[in-house]
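# Structure at a glance
Residues per chain are reported as follows:
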Amino acid sequence: MIVIKIGGAAGVGFERVCDDLAPRIIAGERIVVVHGGSDETNRLAERLGRPPRFITSPSGHTSRRTDAETIEIFQMACCGAVNKRLVRELLSRNVNAVGLSGVDGALWRGRRKHAIRAVEDGAVTVIRDDYTGTVDRVNADLLRTLLDAGATPVLSPPGLSEEHEPINVDADRAAARTACALGAHTLIILSNVPGLLRAFPNESSLVPEVARAELDSAEELAQGRMKKKVLAAREAIEGGVARVVLADARVDNPVSRALEGRGTVIA
Ligand code: ADP
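One structure accompanies this document, and this report is about it. Source: prediction; values computed, not measured. (Residues numbered from 1 in each chain as written. Predicted model: local features only at pLDDT ≥ 70, side-chain atom pairs only at ≥ 80, totals over all residues. Heavy atoms only, no water.)

The buried fraction of strand 1 (residues 2-6) is high, at 5 of 5 residues. Along strand 1, one buried face is formed by Ile2, Ile4 and Ile6 and the opposite face, lined by Val3 and Lys5, is buried too. As paired strands, strand 1 and strand 2 (residues 31-35) are joined by 5 bridges and run parallel to one another. Bridging across to strand 2, Ile2 finds its partner in Ile31. (Buried < 20%, exposed > 50% of the residue type's maximum accessible area, 1.4 Å probe, protein only. Helix = DSSP H or I, 4+ residues; strand = E, 2+ residues; numbered from the N terminus. Pairing = 2+ DSSP bridges.)

Dropping the structure here:
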């Protein structure tokens, strides 16, 4: 069992990833696909006249300000636009892809953060109307039922809060949770960089391997959104996944290359 998270940043083409995935799935490999929708959310928000806003936590992490209107836009972008695009790419390659968001079947259940601390103009403020959260539980039975029936689940945020609200969950971390819940041996996180770079953005500074004991220093190396990927890798490894590969989606055969260990391997 493999879980593959596909990034949505510039340069990532679904076609190439699907060209590589389809023959594996048709040959019988059990694969669950996860994606995010950050870039599509930004584009849609701009088009709707609601430019995206980001907040910074006191510890320096940046995240999307997800008010009631933004969670609607986020949902439209992730499971309306991106999910259906990916499902169609797979269907056109004879893969029986089934798109689901974390809301469907309560697939990704978690807590909504009711109070978020953010730094604004040097002062810490508390935001109480945000729809952000983390995945605590995965409906693995539903995924197994689909896989047993020969379907390939294609999963997308948002998640579902305990109060049945949609919540903005990080797709990398949701993929890690999913891999743990399914007992996957490998989690592949594809994005528009070759993996964790020692000196970002110098692509020849790839860190080929991170041992479990080195995860703390790896988290320090990563900035911005790469931090979440290293955190997701840690959660996957701690949850029993044998190997996580952070790899490049912009190349031919990105999945096969990642499985060969080309990228940053965390084991
Ligand atoms: P996706 O949308 O594909 O999930 P993200 O954009 O969230 O990917 O995360 C990947 C980004 O992380 C890279 O495009 C890069 O800008 C950033 N990044 C920051 N620090 C590093 C680093 N040390 N190594 C690699 N990428 C990094």
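Take the environment of Ala258 next. With respect to the element layout, Ala258 can be found in helix 8 (residues 254-259). Judged by relative accessible area, which is 0%, Ala258 ranks as buried. Between the C-alpha atom of Ala258 and that of Leu187, which follows or precedes it by 71 residues, the distance is 9.8 Å. If we skip the residues at most four places from it in the chain, Ala258 touches Ile188, Arg243, Val245 and Ala247. (Contact = heavy atoms within 4.5 Å.)

In this structure the tally under the stated criterion is 0 aromatic pairs. Between Arg112 and the ring centre of Tyr131, over which it is positioned, the NZ or CZ distance is 3.8 Å. (Phe/Tyr/Trp six-rings, centres within 6.5 Å; stacked < 30°, edge-to-face > 60°. Lys NZ or Arg CZ within 6 Å of the ring centre and 35° of its normal.)

Attention now moves to the nonpolar core. Grouped together as the largest cluster of nonpolar side chains are 43 residues, with contacts concentrated most on Val3, Trp108, Leu187, Leu196 and Val244. Elements represented by at least two residues in this core include exactly strand 2, strand 9 (133-138), helix 4 (140-148), helix 5 (171-182), strand 13 (186-191), helix 6 (215-221), helix 7 (224-238) and strand 15 (243-248). Ignoring sequence-local partners within four residues, the contact set of Leu187 consists of Val3, Ala175, Ala176, Ala179, Ala236, Val241, Arg243, Val244 and Val245. If you look at the next biggest cluster of nonpolar residues, it comprises 28 residues, including Val17, Leu86, Val95 and Ala258. (Core = buried A, V, L, I, M, F, W, Y, C linked by side-chain atoms within 4.5 Å.)

On to the site of the ligand. In the neighbourhood of the ligand, 17 residues make up the surrounding shell, with Asn192, Leu197, Gln223, Arg225 and Lys229 lying closest. Backbone polar atom of Gln223 to a nitrogen atom of the ligand: 3.1 Å apart, as the coordinates give it. Relative to its unbound accessible surface of 570 Å², the ligand loses 88% to contact with the protein. Ranked by residue count, the leading element in the shell around the ligand is helix 7, at 3 residues. When the residues that make up the shell around the ligand are grouped by side-chain class, the tally is 8 nonpolar, 6 polar and 3 charged. (Near = heavy atom within 4 Å. Polar contact = N/O pair within 3.5 Å; in protein donor to acceptor, adjacent residues only side chain to side chain. Areas by Shrake-Rupley, 256 points an atom, 1.4 Å probe, with all protein chains shown as cover. Nonpolar A, V, L, I, M, F, W, Y, C, P; charged D, E, K, R; others polar.)

With that settled, the discussion passes to the sheet that holds strand 1. Read across the sheet, 8 strands follow the order 5-10-2-1-13-15-16-14 without closing on themselves; strand pairing throughout is mixed. A strand with exactly one partner marks an edge of an open sheet, and here the two such strands are strand 5 (97-101) and strand 14 (209-210). Bridging between strand 5 and strand 10 (residues 152-156) involves 5 bridges; their strand directions are parallel. When the bridges of strand 10 are listed, Leu100 appears paired with Leu155. Relative to strand 10, helix 4 is tilted by about 145°, and along the sheet it contacts strand 2, strand 5 and strand 10. Its contacts with the sheet place helix 7 against strand 1, strand 13, strand 15 and strand 16 (264-266), and it is angled at close to 155° to strand 15. (Axes fitted to C-alpha atoms, helices over the stretch in contact; angles between N-to-C directions.)

All right, on to helix 1 (residues 14-26) then. Given a rise of 1.5 Å per residue, 13 residues ought to cover 18 Å, and the 18 Å separating the end C-alpha atoms of helix 1 matches this to within 8%. Within helix 1, the axis deviates most sharply at Asp20, by approximately 25°, and proline Pro23 lies no more than four positions further along. Along helix 1, the residues classified as buried are Phe14, Val17, Cys18, Asp20, Leu21, Ala22 and Ile25. (Expected span 1.5 Å × (residues − 1). Bend = angle between axes of the 7 residues up to and from the residue.)

Take the packing of helix 5 against helix 7 next. Where helix 5 contacts helix 7, the two axes come as close as 8 Å, and the packing angle between them is 10°. Between helix 5 and helix 7, the angle is such that the two are roughly parallel. For the pair helix 5 and helix 7, the crossing hand works out as right-handed. For the pair helix 5 and helix 7, contact is made by Asp172, Arg173, Ala176 and Cys180 and by Lys228, Lys229, Leu231, Ala232, Glu235 and Ala236, respectively. (Parallel < 35°, antiparallel > 145°, perpendicular 65-115°, else oblique. Left-handed = near helix turned anticlockwise from the far one by under 90°.)

Remark: helix 1 packs on helix 3 (residues 68-91), axes separated minimally by 9 Å, with the N-to-C direction vectors making an angle of 40°. As the angle between them shows, helix 1 and helix 3 are arranged oblique. Seen along the crossing, helix 1 lies across helix 3 with a hand that is right-handed. On helix 3, the residues touching Phe14, Glu15, Cys18 and Leu21 of helix 1 are Val82, Arg85, Leu86, Glu89 and Leu90. Of the residues assigned to the contact of helix 1 with helix 3, the class counts are 6 nonpolar, no polar and 3 charged.

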